[in-house]
Amino acid sequence: MPDLAPGDVVTGIVEQIMPYGAFVRLQSGQKAMIHISQLSHKFIKSVDAVLQPQQEIKAKVIKIDEKGRIDLSLKALEEPPAVPVQRMPRHVTAAVSDETVGSDDFEKKLSTFLKNSEEKISSLMNAKSGKGGRSPRRKGARP
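So, here's what we can say about the structure. The written sequence of each chain sets the order in which its residues are numbered from 1. Confidence filtering applies because this is a predicted model: local features only for residues at pLDDT of at least 70, side-chain atom pairs given and counted only at 80 or more, and all residues used for totals across whole chains, interfaces and linings. Remark: hydrogens and water are excluded; side-chain values derive from all non-hydrogen atoms of the structure.

Side note on the overall build of the protein
Item 1. The helix and strand inventory of the protein stands at three helices and five strands.
Item 2. Secondary structure elements follow DSSP: runs of H or I no shorter than four residues count as helices, runs of E no shorter than two count as strands, and numbering proceeds from the N terminus. When the helices and strands of the protein are listed from N to C terminus, the series reads β-β-β-β-β-α-α-α.
Item 3. Only protein chains enter the area calculation, which uses a 1.4 Å probe; residues under 20% of their type maximum are buried, those over 50% are exposed, and those in between are partly exposed. Every one of the 143 residues in the protein was classed for burial, and the buried ones make up 24%.
Item 4. Whether two residues are in contact is decided by their heavy atoms, any of which lying within 4.5 Å being enough. Partitioning the intrachain contacts of the protein with sequence separation of at least 6 by distance along the chain shows that 49% fall at a separation of at least 24.
Item 5. Surface accessibility in these figures is a Shrake-Rupley result with a 1.4 Å probe; residues are shielded only by whichever protein chains are displayed. Split by element, the accessible area of the protein, about 11300 Å² in all, is 53% carbon and sulfur.

A short note on a nonpolar patch on the surface
Item 1. Residues enter patches when they are more than 30% accessible in relative terms and free of salt bridges; like-charged ones are connected within 9 Å and nonpolar ones (Val, Leu, Ile, Met, Phe, Trp, Tyr) within 5 Å. Whenever Lys or Arg places a side-chain nitrogen within 4 Å of a carboxyl oxygen from Asp or Glu, that contact is recorded as a salt bridge. A grouping of F106, L110 and L114 is seen on the molecular surface, where their side chains present a nonpolar patch of about 290 Å² in accessible area.
Item 2. A relative accessible area of 42% places L114 in the partly exposed class.

Digging into the pairing of strand β2 (residues 21–26)
Item 1. Here strand β1 (residues 9–18) runs beside β2; their pairing, made up of six bridges, is antiparallel. Counted as the bridge partner of V14 is V24 from β2.
Item 2. For two strands to be treated as a pair, DSSP must find at least two bridges joining them. The antiparallel hairpin formed by β1 and β2 contains two residues in its connecting segment.
Item 3. Direction of pairing for β2 relative to strand β3 (residues 31–35): antiparallel, over a ladder of five bridges. Residue pairing for β3: F23 is matched across the bridge by M33.

Considering the packing of aromatic side chains
Item 1. Ring pairs are drawn from Phe, Tyr and Trp, using the six-membered ring of Trp, whenever the two centres fall within 6.5 Å, and their geometry is named by plane angle: stacked under 30 degrees, edge-to-face over 60, tilted for the rest. By the definition in use, this model includes one aromatic pair.
Item 2. Aromatic pair Y20 and F23: ring centres 6.4 Å apart, planes at 85°, arrangement edge-to-face.
Item 3. The class of Y20 is partly exposed, set by a relative accessible area of 36%.
Item 4. When the NZ atom of lysine or the CZ atom of arginine is within 6 Å of a ring's centre and also within 35 degrees of its normal, the charge is said to sit over that ring. Seen from the ring of F23, K31 lies directly overhead, with NZ or CZ sitting 5.4 Å from the centre.

Listed below in structure tokens is the structure:
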């Protein structure tokens, strides 16, 4: 049996599919396992959505433990997905004042954001309970 090391790319046949992964018989005759988390960068609901018994696969050896168990990964041979650039929601950007946008001081930004948020929540709660905003005064009413 050839010596394997983490990082090697191997070929094998899927022998058994389990809920948590699949067992693969390598060309060398050794048995290895691919955990469901190592099937793809995408979310995989079930192993049989990706692998079928008797399917030939190429995988990367990611670990060989002290007992000689071999862990494989299909994910390691895939291109990682591009990380989408996430934009800050409008309600968040509106809450951050212009003076903090240019500042590199995270604590100051956080403090200003929290202050603005508390003020907005307070004004919403007051408006909801009828304590804030303008209400018409009756003639002769005392302040």
